[in-house]
Amino acid sequence: MTRKTFLISLLVTLSFFAVVNIAVGRWSSRLPMRIKLDAVARNSDANVLILGNSLLDGHIDPPAFQKAAGELSEQLLPVDAALGASQTPEQYLLFHEGIKQRQVRAIVIGFYDFQLTQPVPTNVSDLIGNRALAFDPRIEAGDAESIYHFDFGSRVRYRLFRSLPMLAYRGNAWKSVELLRRKLGNVGMPEVATNELGRVSDFDALETKPSQFQIEAQQFADNPVRLNEPIERILQEGKERHCAVVFVLMPISPYHQATYYSLDSWKRYRGAIQVLAAQRRAGFIDASQWYSDPSDFADKLHLQRGTRSAFSVRLARAIVPEIQSSNGENATASSEAAQRQ
Amino acid sequence: MEILKTLEYLGGERDDAPEGLPPFLQSLAVRCVLWIACLLLIYGFCGQASKFVYIDF
């Protein structure tokens, strides 16, 4: 290979990577997690921050919620910061963005199963799909590095990924390839059941075996020390800002209730969570049995989107007393602090 | 053997084009295009090895 050939090849390679980076960056500007960050930044009048995963993402109807709260003499406007396929560290990052923009009165955290307590060990390579939220330039790098506990090597990788869209948003390309693969794989095959999130059968993978579920619930219930770190941080930082924090055990399908939530170990686990929430002056709403008709659910975990208005009304009515109670406690705490000074 | 030599040439392992190789394949531009196509395919398909569940499109 001559020197000239080498230099031309190098130039072509560098140009190629530059073009792909710019193209992937532009192509990824409308990813769900970026749209979510836009929504969190845009609705500056909102004073209730809704956090959670796909069980809550898109299931809030702000006008219905606002009207129902208004009937109970509370001016509450929610912003849906719940993000599908997110874990609690990403929910913490969204929380951080949410409280930056506005004066928040309440933080609502929707969860199911062990999301409040399971540790979420994360490598940089795990941050794909909506978890790539951490690479968005609006998220402070220090916040992400801290919540994921990245060591030095991971921090270097994280900064590299963050600066190169073709690495940060590679999941976007993989998603398109996967959709193409499924399309080709389905040719001549029976129709596969899908909903607005994808293949219904994919959500079976999110449910553990009942025996494993029982062990996990039992282990936590035997020694319920604390919630997982991102949730504890949300509680602490929320309280510092005098926000009410309310946990909502999300509505879940009759199948999931019968298979998992009827177990004694789950009842003990749920009781332990309620105690931990009370110790931290957080509210707890068990909405898991609000819907008992399987047709209200899109799969074993998610409510149908058609229930969003009715769900929002019911949620607002359940949350208002929790917020009023918490605001009363905050006022008492502030008054006691003022008297001590 | 000719196929192997051709692939080695296109891959940059040998400098001399095998006999009978069409002239357009000896052009640097065409070889760049081939490499770019390979890189794009690898970039697009390497996610198949991940455990990521493709939901929330």
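Residues numbered from 1 in each chain as written. Chains lettered and ligands numbered in written order. Predicted model: local features only at pLDDT ≥ 70, side-chain atom pairs only at ≥ 80, totals over all residues. Heavy atoms only, no water.

1. A few points about the overall build of chain B
Now for step 1: When helices and strands are counted, chain B shows two helices and zero strands.
Now for step 2: In chain B, which comprises 57 residues, the proportion classed as buried is 25%.
Now for step 3: Surface exposure of chain B reaches about 4,000 Å², of which carbon and sulfur atoms provide 68%. (Helix = DSSP H or I, 4+ residues; strand = E, 2+ residues; numbered from the N terminus. Buried < 20%, exposed > 50% of the residue type's maximum accessible area, 1.4 Å probe, protein only. Areas by Shrake-Rupley, 256 points an atom, 1.4 Å probe, with all protein chains shown as cover.)

2. Quick notes on the side chain of A:Thr307
All names here are of chain A.
Now for step 1: Here Thr307 lies in the loop between strand S7 (283-286) and helix H13 (308-340).
Now for step 2: Residue classification places Thr307 among the buried residues on the basis of a relative accessible area of 9%.
Now for step 3: Not counting chain neighbours up to four residues away, the residues in contact with Thr307 comprise Tyr291 and Asp296. (Contact = heavy atoms within 4.5 Å.)

3. Description of the interface of chain A and chain B
You'll often see interface size given as the accessible area lost when the parts meet.
Now for step 1: Contact with chain A, which involves 29 residues of that partner, is made by 19 residues of chain B.
Now for step 2: A buried area of about 2,300 Å², summed over both sides, lies between chain A and chain B, and 74% of it is on carbon and sulfur atoms.
Now for step 3: Counting every contact that joins chain A to chain B gives zero salt bridges. (Buried area = accessible area lost by both parts, 1.4 Å probe. Salt bridge = Lys/Arg side-chain N within 4 Å of Asp/Glu carboxyl O.)

4. Observations concerning the sheet that holds strand S1 (residues 48-51) of chain A
Residues and elements named next belong to chain A.
Now for step 1: Taken in spatial order, the five strands of this open sheet run S2-S1-S3-S6-S7, and their pairing is parallel. This sheet does not close on itself; its edge strands, each paired only once, are strand S2 (78-80) and S7. Taken pair by pair, the neighbouring strands of this sheet meet at an average axis angle of 20°, ignoring direction.
Now for step 2: Pairing geometry for strand S3 (residues 106-111) and strand S6 (residues 244-249), over six bridges, is parallel. Paired with Ile109 across the bridge in S6 is Phe247. (Pairing = 2+ DSSP bridges. Axes fitted to C-alpha atoms, helices over the stretch in contact; angles between N-to-C directions.)

5. Thoughts on helix H3 (residues 62-71) of chain A
All names here are of chain A.
Now for step 1: Among all positions in H3, only Ala64, Phe65, Ala68 and Ala69 are buried. Buried residues along H3 cover an arc of 130° about the axis, so they all sit on one side. Of the exposed residues in H3, the ones pointing more than 90 degrees away from its buried face are Pro63, Lys67 and Glu71. (Arc of directions from axis to C-beta.)

6. A short note on the packing of aromatic side chains
Residues and elements named next belong to chain A.
Now for step 1: Evaluated as defined, the whole model comprises 16 aromatic pairs over all chains.
Now for step 2: A network of ring pairs unites the aromatic residues Phe114, Phe213, Phe220, Tyr260, Tyr261, Trp266 and Tyr269 as a single cluster.
Now for step 3: Between Arg233 and the ring centre of Tyr92, over which it is positioned, the NZ or CZ distance is 5.4 Å.
Now for step 4: Above the plane of the ring of Tyr255 lies Lys300, whose end atom (NZ or CZ) is 4.5 Å from the centre. (Phe/Tyr/Trp six-rings, centres within 6.5 Å; stacked < 30°, edge-to-face > 60°. Lys NZ or Arg CZ within 6 Å of the ring centre and 35° of its normal.)

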